[in-house]
Amino acid sequence: NAGVTQTPKFQVLKTGQSMTLQCAQDMNHEYMSWYRQDPGMGLRLIHYSVGAGITDQGEVPNGYNVSRSTTEDFPLRLLSAAPSQTSVYFCASSSPGQGLHEQYFGPGTRLTVT
Amino acid sequence: AQSVTQPDIHITVSEGASLELRCNYSYGATPYLFWYVQSPGQGLQLLLKYFSGDTLVQGIKGFEAEFKRSQSSFNLRKPSVHWSDAAEYFCAAIAGGTSYGKLTFGQGTILTVHP
């Protein structure tokens, strides 16, 4: 198992550009989530999904879109990047039947918006 | 609102000394509780978790945590710190029921270890 994979590892964008952060998992987990990490603020939930076709907003959803067409993939889209979106982004997956809510994290994507 | 608080932003200890990192939670009912560790530039690694039962939980790398319902706390401890334990530590929680996939994290505690 590769676990949770994220691409790219690093990305630099100019203000106003769009991009998609990719996340995939091969553990057949129902739940997938996106978090952003900023110094002194821990990780904050952006969007999450409880299954294919079902997504919902987390604590900081503005400026981000998600969709979940398959169990394996959960891409995060930045429609018009802003400097405030400079952060490290983590994708996670979990299943209530395995380890009871334990989330498995990807290695992260470090995004800089100039 | 549900929240997790780590009161200490930065802790410095000497190698071989004992360690306690504090975590308090505010939830209507007891949540599921976790401690994660993050080395610089790395992802998050789960140290231990608490769901129910025995209030003293053993984890990896010699860490343990004690759940205290009366204090709404879930403090992380290690009897003797090694230089390789220097990292950032996060306490996190999930409410039961329909909160799957929705971890709430504390602000993190950076641990520095002096030789």
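See the structure shown above.
In this report, we go over the structure that sits alongside the text. Treat the numbers as computed from the prediction; the structure is a model and nothing was measured.

### Regarding the pairing of strand β5 (residues 43-51) of chain A
Residue and element names in this part refer to chain A.
Here's step 1: Most of β5 sits inside the fold, with eight of its nine residues counted as buried.
Here's step 2: Alignment of strand β4 (residues 31-37) against β5, held across six bridges, turns out to be antiparallel. Bridging across to β5, R36 finds its partner in R44.
Here's step 3: Between β4 and β5, which follow one another and run antiparallel, lie five residues, and G40 among them has a positive phi close to 75°.

### Regarding unusual backbone geometry
Here's step 1: Omega for the bond connecting T7 of chain A with P8 of chain A falls within 30 degrees of zero, at -10°, which places this linkage in the cis form.
Here's step 2: Considering the arrangement of structural elements, one finds P8 of chain A in the loop between β1 (4-7) and β2 (10-13).
Here's step 3: Unusually for a residue other than glycine, K61 of chain B sits at a positive phi of about 60°.

### A short note on the sheet that holds strand β3 (residues 19-25) of chain A
All names here are of chain A.
Here's step 1: Within the open sheet, the four strands sit side by side as β1-β3-β8-β7. Their pairing is antiparallel. Single-partner strands in this sheet number two, and they are β1 and β7 (64-66). Each strand axis lies, on average, 20° off the axis of its neighbour in the sheet, ignoring direction.
Here's step 2: Pairing geometry for β1 and β3, over four bridges, is antiparallel. Bridge assignment links Q6 to a residue of β3, and that residue is C23.

### Notes on the state of the cysteines
Here's step 1: Per the stated rule, a full pass over the model turns up two disulfides over all chains.
Here's step 2: Each sulfur of the disulfide joining C23 of chain A and C91 of chain A lies 1.8 Å from the other. Residues C23 of chain A and C91 of chain A are joined by a disulfide whose S-S torsion is about -70°; by sign, that bridge is left-handed. Of this pair, C23 of chain A sits in strand β3 while C91 of chain A sits in strand β9 (residues 87-94), placing them 68 residues apart in sequence.
Here's step 3: The disulfide partner of C23 of chain B is C91 of chain B, and the gap between their sulfur atoms is 2.0 Å. Around the S-S axis, the bridge from C23 of chain B to C91 of chain B shows a dihedral of about -65° and counts as left-handed. You can see C23 of chain B sitting in the loop between β3 (19-21) and β4 (24-26) and its partner C91 of chain B sitting in strand β10 (residues 87-94), a full 68 residues away along the chain.
Here's step 4: Judged by relative accessible area, which is 0%, C91 of chain B ranks as buried.

About the cut-offs
- Residues numbered from 1 in each chain as written.
- Chains lettered and ligands numbered in written order.
- Predicted model: local features only at pLDDT ≥ 70, side-chain atom pairs only at ≥ 80, totals over all residues.
- Heavy atoms only, no water.
- Buried < 20%, exposed > 50% of the residue type's maximum accessible area, 1.4 Å probe, protein only.
- Helix = DSSP H or I, 4+ residues; strand = E, 2+ residues; numbered from the N terminus.
- Pairing = 2+ DSSP bridges.
- Axes fitted to C-alpha atoms, helices over the stretch in contact; angles between N-to-C directions.
- Disulfide = S-S within 2.5 Å.

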